[in-house]
Amino acid sequence: MSLAVQARFGRIPARLAARMRKTLGSALGKRWCALGVLAAVLAAPAARARADERVFTYSYEPKVLPKDALEFEQWATLRAGKEDGVFSRWDLRTEFEYGLLDQLTTALYLNFESLHIDRDEEQVDEFEFKGLSSEWKWKFLDPTADPIGVLGYFEATTNFEDVELEEKLVLGKNFDRVVLAFNAICEQEWEFENEETETELAVEFTAGVAYRFTDRFALGLEAREVNVFPDMENLEHAAVFLGPTLHYNTNRWWVTLTFLPQVAGLRGDTQDGLNLDEFERMEVRLIFGIHF
Amino acid sequence: MLRYAPRRSHEIRLAFAALAGCIGAIATSCISPIPAVDPQSPPFHGRSQPELQELELGRSHYIAKCSGCHSLYLPSRGDAVYWRGWVDKMAERAAIAPEERQRILSYLGVVCAPPVAARVQP
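Sequence positions are assigned chain by chain, starting from 1 and proceeding in written order. Chain letters start at A and ligand numbers start at 1, both assigned in the order the entries are written. It should be noted that, the model being predicted, local features are given only for residues of pLDDT at least 70 and side-chain atom pairs only at 80 or more, the latter also being counted only at that level, while totals for whole chains, interfaces and linings use all residues. Side-chain numbers come from the whole structure's heavy atoms, not from hydrogens or water.

## Looking at helix α2 (residues 49-66) of chain B
Threshold: Helix numbers and strand numbers start at the N terminus; a helix is a DSSP run of H or I with at least 4 residues, a strand a run of E with at least 2. Given a helix with a known number of residues, its expected span is that number minus one, times 1.5 Å. Each residue's exposure class comes from its accessible area (1.4 Å probe, protein chains only) as a fraction of the maximum for that residue type: buried when under 20%, exposed when over 50%, partly exposed otherwise. The contact definition used throughout considers only heavy atoms, calling two residues in contact when any of these lie within 4.5 Å.
Spanning 18 residues, α2 of chain B covers 25 Å between terminal C-alpha atoms, matching the ideal 26 Å at 1.5 Å per step. Among the residues making up α2 of chain B, those that are buried are Leu52, Leu55, Gly58, Arg59, His61, Tyr62, Ile63, Ala64, Lys65 and Cys66 of chain B. In this structure, the buried side of α2 of chain B is in contact with β4 (123-141) of chain A together with α3 (80-90) and α4 (98-111) of chain B.

## With respect to the layout of surface pockets
The cut-off we apply is this: Put simply, the grid is 1 Å and covers the protein atoms alone, a cavity is a trapped set of points that fit a 1.4 Å probe, a pocket is an open set with protein on both sides within 12 Å along at least five of seven lines, and lining residues have an atom within 4 Å of a point. Grid points are joined across faces, edges and corners, and a volume is the space filled by probe spheres set on the points. The residue classification treats Ala, Val, Leu, Ile, Met, Phe, Trp, Tyr, Cys and Pro as nonpolar and Asp, Glu, Lys and Arg as charged. All others, Gly included, are polar.
Estimates place the volume of the largest pocket at around 510 Å³. Lining the largest pocket are 24 residues, with Asn251 of chain A together with His70, Tyr73, Trp86 and Met90 of chain B positioned closest to its centre. Those elements giving two or more residues to the lining of the largest pocket turn out to be α2 and α3 of chain B. A per-element tally of the lining of the largest pocket places α3 of chain B first, with five residues. Among the residues forming the lining of the largest pocket, the class breakdown is 12 nonpolar, five polar and seven charged. For the second largest pocket, the calculated volume is near 240 Å³.

## Side note on the packing of aromatic side chains
All names here are of chain A. Convention followed: Note on ring pairs: Phe, Tyr and Trp rings are taken, using the six-membered ring of Trp, and paired if centres are within 6.5 Å. Classes follow the plane angle, with under 30 degrees stacked, over 60 edge-to-face and the rest tilted.
Going through the model one piece at a time under the given rule, you end up with 14 aromatic pairs over all chains. Ring plane angle 50 degrees and centroid distance 5.4 Å describe the contact between Phe72 and Phe96, whose orientation is recorded as tilted. Taken together, the residues Phe72 in strand β1 (residues 70-80) and Phe96 in strand β2 (residues 86-99) connect sequence positions 24 residues apart. Residue classification places Phe72 among the buried positions, given a relative accessible area of 2%.

## Quick word on the pairing of β1 of chain A
All names here are of chain A. Quick note on the threshold: At least two bridges found by DSSP between two strands are what make those strands a pair.
The buried fraction of β1 is high, at 10 of 11 residues. Relative to β2, β1 runs antiparallel, the two being bridged by 11 bridges. Counted as the bridge partner of Glu73 is Glu95 from β2. Counted between consecutive antiparallel strands, the loop separating β1 from β2 contains five residues, among which Gly81 sits at a positive phi close to 100 degrees. Where β1 lies against strand β12 (residues 282-290), eight bridges are found, and the strand directions are antiparallel. Considered in β12, the bridge of Gln74 is made with Phe288.

Right, here's the structure in full:
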């Protein structure tokens, strides 16, 4: 969770399970309508765009677009479930990606956040623009043609109040119908306030394995281990997520869905073995791409 | 409240490290399924140096242009007719220049599966 959200809402009390259905219903209807309109408007100018296919949603594969190719993707990530109360946060990202060279791809993201919190002393229901991201990927080795695929990744995000930098080492290998991926991720965040600057460091590892049952359909498993170092000093929070991923593509569009429940809280306050203070009970990510 | 689970934490991180190691170990032990342009191997034996250079460029273009939007398909997936159809279909989407398209087809034409009619029927 970002520093801003933590500072604003802290630990959330009260009645999570009983109200989850209500939360999802009320928050999502309006959000999905807004998302659909936004996606349609933003996609319209990308007449030659082509979306690449992603078998995983948390793990990148060592792939980049060919030179001069364009891509459009829409991301939606739901994080839901805290220690108490109702909590659901949607991260929406609209991406335009362009191949500068056959090995180098850049992308621009528009980020939005929808937050719904319902607790005794406070109700929050908001939807806001969360800034821009610039992404750069360089492919060193191909996951099929070379012994192992290697890609370097850099991303900078700002909403003009805080800055986040993210670096990834992406490894992967394709064995005919089997796809393997491993990412090592380092993320730094600076939140600029009047008197002081809050900082945070996160170190994350993700891995995925998938099998392509047909040319159109793949089923896999993704894992994610996250470590959070507030003030970039001591490790205070860590958790592991594990769940299935499903991919389907046609010649015109593709979609990948991952359901990632938290399976273990490794560091920090835990409840039933989960860290629900810093992280959520479950995450769901959907990425949808359209070929034009 | 459990504050800290060092042993489990250590084991899970070890599992991630082991998985990364497995990917590396398996990967480094295998031969590329996209045949390299080797003058000693049968499909390339006896070809002139300029021809081999063109084929090498064709292999590079194939890897660079065809691996971004989807995983790279093995050349043995189809014969020359099959590949001509697919490359023509994908050339515009992947922004493949005409000379690059020709080199890709030349390379795939050498390393692809034999024509259907030439295959031994069961």
